[in-house]
Amino acid sequence: MTFEPLRYPFPEAPVEGEATEVAPGVLWMRLPLPMKLDHVNVYALDEGDSWTIIDTGFDSKRTRRVWEQLLAGPMQGKPVSRVVVTHHHPDHVGMAGWFQSEHGAELWTTRTAWLFSRMLMLDEQDTPPAETIEFWQSCGMDAEILEQRKQERPFNFADVVAPMPLGFKRMKQGDVVRIGGRDWDIHMGNGHAPEHLTLWSRDDNLVISGDQIIASISPNVGVYATEPEADPLGDWLEACERLAPLAREDHLVLAGHKLPFTGLPSRMRQLIENHHGALDRLMAHIKTPKTAGDCFVPLFKRAIGAGEYGLALVEAMAHVSHLYQIGKATRMRRDDGAWLWQARD
């Protein structure tokens with residue numbers, strides 16, 4: 001089957017503090033992130049006398065200033081009555097608690113996203129705990145990087161996520177919700193984040209996809225110390241296969257990063273095939289035993305810099321662990337605690 005290529009109806013992103021109307025009553029805005037992926041997309045849907053916003057950015061002084069500009073400018077001074085959070089990652093949930101506390105907004109999200117966010121708020125450390133160090137060792141983290149990270153303050157969720165008060169409205173698979181004058185079908189993604197919310201309009205061609213479906217990058221799918229035996233890649237592939245039949249050529253996909261696009265059937269095939277291709281290359285690479293940290297070249301086909309190392313490591317771990325869990329690879333512990341993975345004959 002031949003699919004239409006991806007197209008970008010809005011090739012220029014809105015500048016900081018401004019908005020682009022991508023459909024009647026739907027504003028696309030961008031917030032800054034202090035990392036290589038330097039932005040997150042957020043959306044405001046007009047409810048008449050208020051707004052519903054989708055995702056919120058990191059909690060920082062800069063982000064709060066940008067939100068104040070947006071609220072006073074393109075959002076016309078109308079209040080935010082509801083915040084919908086697609087998943088628990090801090091660039092999406094970071095300001096949700098601020099909107100609840102300072103603006104009286106309701107929080108709507110999945111139960112898993114809310115529970116993860118509340119749990120991670122409590123998990124604040126000045127140095128990495130023993131379990132995290134052991135997990136990094138099991139991945140085969142580069143020895144020099146490991147020693148450096150042992151001394152550093154690790155990433156703390158609470159550093160970039162505003163305190164979240166009790167109370168939220170649960171969104172779940174199969175729900176139909178009314179937002180911005182449209183009825184939206186709720187379908188859950190998985191893999192990048194558990195119980196990841198996606199919204200599919202019944203009334204026009206809009207899909208709000210968060211990080212589950214992005215145009216030009218594949219969302220990070222990683223294993224972490226919180227659940228070292230998880231199979232997020234299996235979850236990811238299942239979700240992609242389940243969502244793919246919903247895709248239409250005319251869908252305008254409003255994602256958490258990069259540009260809005262059409263050509264969703266093609267993108268769903270790409271997302272699935274990219275990971276199957278990576279698994280095939282990985283199988284050839286681990287004919288002799290390798291750690292996850294030894295597997296960057298076949299997976300990513302490019303050099304991995306220091307800023308990307310952590311995400312690359314957990315994604316490599318997800319791929320080798322998936323092969324193990326579906327019976328295509330074996331593993332054994334090295335003396336230093338690293339897992340060595342090898343393809344089955």
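What counts and how
- Residues numbered from 1 in each chain as written.
- Predicted model: local features only at pLDDT ≥ 70, side-chain atom pairs only at ≥ 80, totals over all residues.
- Heavy atoms only, no water.
- Pairing = 2+ DSSP bridges.
- Helix = DSSP H or I, 4+ residues; strand = E, 2+ residues; numbered from the N terminus.
- Axes fitted to C-alpha atoms, helices over the stretch in contact; angles between N-to-C directions.
- Contact = heavy atoms within 4.5 Å.
- Parallel < 35°, antiparallel > 145°, perpendicular 65-115°, else oblique.
- Left-handed = near helix turned anticlockwise from the far one by under 90°.
- Nonpolar A, V, L, I, M, F, W, Y, C, P; charged D, E, K, R; others polar.
- Salt bridge = Lys/Arg side-chain N within 4 Å of Asp/Glu carboxyl O.
- Buried < 20%, exposed > 50% of the residue type's maximum accessible area, 1.4 Å probe, protein only.
- Arc of directions from axis to C-beta.
- Phe/Tyr/Trp six-rings, centres within 6.5 Å; stacked < 30°, edge-to-face > 60°.
- Lys NZ or Arg CZ within 6 Å of the ring centre and 35° of its normal.

K.L.:
Go over the sheet that holds strand S8 (residues 176-179), please, and point to the residues and values.
P.N.:
Strands sit in the order S8-S9-S10-S11-S12 across an open sheet of 5 strands; the sheet is mixed. Pairing within the sheet leaves two strands with one partner each, and these edge strands are S8 and strand S12 (252-255). Each adjacent strand pair in this sheet contributes to an overall mean axis angle of 30°, direction not counted. Sheet analysis places strand S9 (residues 182-189) next to strand S10 (residues 196-201), joined by 6 bridges and oriented antiparallel. Each bridged residue has a counterpart across the sheet, and for Gly-189 the counterpart in S10 is His-196. The strands that helix H7 (residues 232-243) touches are S9 and S10; relative to S9, the one it contacts most, it runs at about 145°.

K.L.:
Requested: an account of the packing of helix H1 (residues 61-72) against helix H3 (residues 96-103), with residues and values cited.
P.N.:
Between H1 and H3, the least distance of the axes is 12 Å, while the angle of their chain directions is 55°. The angle between H1 and H3 places the two elements in the oblique class. As H1 packs across H3, the resulting crossing turns out to be right-handed. Mapping the contact onto sequence places Arg-64, Trp-67, Glu-68 and Leu-71 in H1 and Trp-98, Phe-99 and His-103 in H3. Here the contact of H1 with H3 is composed, by residue class, of 4 nonpolar, 1 polar and 2 charged.

K.L.:
Give a description of the pattern of salt bridges that names residues and reports values.
P.N.:
Inspection of every chain in the model, using the stated rule, returns 21 salt bridges. Linking Arg-64 and Asp-59 is a salt bridge whose minimum nitrogen-to-oxygen distance equals 2.8 Å. Under the relative-accessibility criterion, Arg-64 is labelled partly exposed at 32%. With relative accessibility at 15%, the residue Asp-59 sits in the buried group. With its nearest N and O atoms 2.8 Å apart, the salt bridge here joins Arg-248 to Asp-250. Judged by relative accessible area, Asp-250 falls into the partly exposed class, the value being 40%. Through salt bridges with shared partners, a single ionic network connects Glu-124, Asp-126, Arg-153 and Asp-159.

K.L.:
Provide a residue-level description of the side chain of Thr-110, including the pertinent values.
P.N.:
In this structure, Thr-110 sits in the loop between strand S6 (106-109) and helix H4 (111-121). Those residues in contact with Thr-110, other than ones at most four positions away along the chain, are Phe-168, Met-171, Met-188, Glu-195 and Leu-197.

K.L.:
So what's going on with the pairing of S8? Which residues, and what values?
P.N.:
Residues Val-177 and Ile-179 line the buried face of S8, whereas the alternating positions Val-176 and Arg-178 sit on a face that is not buried. Bridging between S8 and S9 involves 4 bridges; their strand directions are antiparallel. When the bridges of S9 are listed, Arg-178 appears paired with Asp-183.

K.L.:
I'd love a proper account of H4, names of residues and values included.
P.N.:
Of all the positions in H4, only Ala-113, Trp-114, Ser-117, Leu-120 and Met-121 are classed as buried. Buried positions in H4, seen along its axis, are confined to an arc of 140° and lie on one side of it. Lining the buried residues of H4 we find helix H2 (90-93) and S6.

K.L.:
Provide a residue-level description of the pairing of strand S13 (residues 329-333), including the pertinent values.
P.N.:
Successive residues of a regular strand alternate their side chains across the two faces of the sheet. With 5 bridges joining them, S13 and strand S14 (residues 339-343) adopt antiparallel strand pairing. Looking at S14, one finds that Arg-333 is bridged to Trp-339. Between S13 and S14, which pair antiparallel one after the other, the connecting turn spans 5 residues, and Gly-337 there sits at a positive phi close to 95°.

K.L.:
So, unusual backbone geometry: which residues are in play, and what are the values?
P.N.:
Not every positive phi belongs to a glycine, and Asp-55 is a case in point at roughly 70°. Structurally, Asp-55 is set in the loop between strand S4 (51-54) and H1. Accessibility expressed as a relative area gives 2% for Asp-55, which makes it buried. The residue Lys-301 is not glycine, and still its phi comes out positive at about 55°. One can find Lys-301 in the loop between helix H9 (296-300) and helix H10 (309-325).

K.L.:
Describe in detail the packing of aromatic side chains, supporting the description with residues and values.
P.N.:
Across all of its chains, the model carries 7 aromatic pairs by this definition. Aromatic ring contacts, followed pair by pair, group Trp-67, Trp-98 and Phe-99 into a single cluster. The ring of Trp-51 has Lys-78 sitting right over it, with the charged end atom 4.8 Å from the ring centre. The ring of Trp-108 carries the charged tip of Lys-169 above its face, separated from the ring centre by 5.5 Å.

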